[in-house]
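Coordinate analysis (summary)
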Amino acid sequence: EAVARLDPARLVRDRLADGDFQAGRIVAIGKAAQRMVDGCLSSIPRLVISPYPARDEHELESTHPMLSDCSCRAGDRLTAFVAGGDPVLLLISGGASALVEVCPVGQNSREWMLEWRQLFGAGLDIVTMNQERARRSAIKGGKLLDWLGGPSLTLLLSDVLQGPQWVGSGLT
């Protein structure tokens, strides 16, 4: 309800109105992803990952709050989508940590998923939890930027009181 009052589409539209960033692709991840992407031109290729049913073929429903195989499939789609060199607009909101994930190279994905589930149930405070998520991920803690082939702009809709750097466990 609070997010709806903010009008994420309007916030994104207002930020992009001056034209200082021309996106070639748009990625929106989080509980407000669908509303945020609605503030963008519909002609730009997009990938939207949210916990809600997909509205079209550019959207993917994933799981929240627990990481799942859906989260990993979403992570695979994400890394493939952002490669290539186009400028990418990243719209990140709360919930992104569970919605998308990529297992680090060299780790057994089943063991890694079990460790993640144990971490979730460990009763850690949110700052420590986000730090651990970032440490154990191939895309969190700013590592998503390593997958991009060109420039990017990140717009965050934060529900994290400890700072915007932890939205989505610091995807960017």
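Definitions and cut-offs
- Residues numbered from 1 in each chain as written.
- Predicted model: local features only at pLDDT ≥ 70, side-chain atom pairs only at ≥ 80, totals over all residues.
- Heavy atoms only, no water.
- Axes fitted to C-alpha atoms, helices over the stretch in contact; angles between N-to-C directions.
- Helix = DSSP H or I, 4+ residues; strand = E, 2+ residues; numbered from the N terminus.
- Parallel < 35°, antiparallel > 145°, perpendicular 65-115°, else oblique.
- Contact = heavy atoms within 4.5 Å.
- Nonpolar A, V, L, I, M, F, W, Y, C, P; charged D, E, K, R; others polar.
- Expected span 1.5 Å × (residues − 1).
- Buried < 20%, exposed > 50% of the residue type's maximum accessible area, 1.4 Å probe, protein only.
- Polar contact = N/O pair within 3.5 Å; in protein donor to acceptor, adjacent residues only side chain to side chain.
- Pairing = 2+ DSSP bridges.
- Salt bridge = Lys/Arg side-chain N within 4 Å of Asp/Glu carboxyl O.
- Phe/Tyr/Trp six-rings, centres within 6.5 Å; stacked < 30°, edge-to-face > 60°.
- Lys NZ or Arg CZ within 6 Å of the ring centre and 35° of its normal.
- Core = buried A, V, L, I, M, F, W, Y, C linked by side-chain atoms within 4.5 Å.
- pLDDT = per-residue confidence, 0-100.

Next up on the list: the packing of helix H6 (residues 109-120) against helix H7 (residues 126-135). Contact geometry for H6 and H7: axes closest at 11 Å, N-to-C directions at 170°. If you check the angle between H6 and H7, you find them roughly antiparallel. Here Trp116, Leu119 and Phe120 of H6 lie close against H7, whose contacting residues are Met129, Glu132 and Arg133. Along the lines of polarity and charge, the residues of the contact of H6 with H7 split into four nonpolar, no polar and two charged.

With 14 residues, helix H4 (residues 69-82) should reach 20 Å at 1.5 Å per residue; the first-to-last C-alpha distance of 20 Å fits that figure. Considered for burial, the residues of H4 that qualify are Ser71, Cys72, Ala74, Gly75, Leu78, Thr79, Phe81 and Val82. Turning to H4, the residues buried within the fold contact strand S1 (25-29), strand S2 (46-50), strand S3 (59-61), strand S4 (88-93), helix H5 (96-99) and H6. Between a side-chain oxygen at the N-terminus of H4 and the backbone nitrogen of Cys70 the separation is 3.1 Å; the capping residue is Ser68.

The next subject is the pairing of strand S5 (residues 152-157). In S5, alternate side chains face the same way, and those of Leu153, Leu155 and Leu157 are buried while those of Ser152, Thr154 and Leu156 on the opposite face are not. Here S4 pairs with S5 via six bridges, running parallel. Within the sheet, the bridge partner assigned to Val88 lies in S5 and is Ser152.

Right, let's talk about the pattern of salt bridges for a bit. Summed over the entire model, instances satisfying the criterion amount to eleven salt bridges. Across the pair Arg10 and Asp7 runs a salt bridge, and its minimum N-O distance is 3.9 Å. Exposure remark for Arg10: the relative accessible area of 36% places this residue in the partly exposed category. Judged by relative accessible area, which is 31%, Asp7 ranks as partly exposed. As a salt-bridge pair, Arg136 and Glu132 come within 3.0 Å of each other at their nearest N and O atoms. For Arg136, a relative accessible area of 21% corresponds to the partly exposed category. Through salt bridges that share partners, Glu115, Glu132, Arg135 and Arg136 make up one connected network.

Turning our attention to the sheet that holds S5. If you trace the five strands from one edge of the open sheet to the other, you get S3-S2-S1-S4-S5, paired in parallel fashion. For this open sheet the edge positions go to S3 and S5, each flanked by a neighbour on one side alone. In this sheet, adjacent strand axes meet at a mean angle of 10° when their direction is disregarded. Where helix H2 (residues 8-16) meets the sheet, its contacts fall on S4 and S5, and the angle it forms with S5 comes to roughly 145°.

The full count for this structure, using the stated rule, is zero aromatic pairs. Between the NZ or CZ atom of Arg25 and the centre of the ring of Phe81, over which it lies, the distance is 5.2 Å.

Let us now look at the nonpolar core. By size, the foremost hydrophobic cluster in this structure holds 22 residues, and its most contacted members are Val27, Ile29, Ile49, Leu78, Val100 and Leu171. Residue contributions to this core peak at four residues, all from H4. Contact partners of Ile29, with chain neighbours within four places excluded, come to Ile49, Leu78, Leu91, Ile92, Ser93, Ala96, Leu99, Val100 and Leu171.

Moving on: the confidence of the model for the protein. Per-chain confidence: the protein averages 89 in pLDDT, with 94% of residues scoring 70 or above. Per-element mean pLDDT across the protein ranges from 71 in helix H1 (residues 2-6) up to 98 in S2.

With respect to the secondary-structure elements, Leu11 resides in helix H2. Given a relative accessible area of 34%, Leu11 falls into the partly exposed group. Between the alpha carbons of Leu11 and Leu171 there is a distance of 20 Å; along the sequence they are 160 residues apart. If near-sequence neighbours (up to four positions away) are discounted, Leu11 is found in contact with Leu6 and Leu157.

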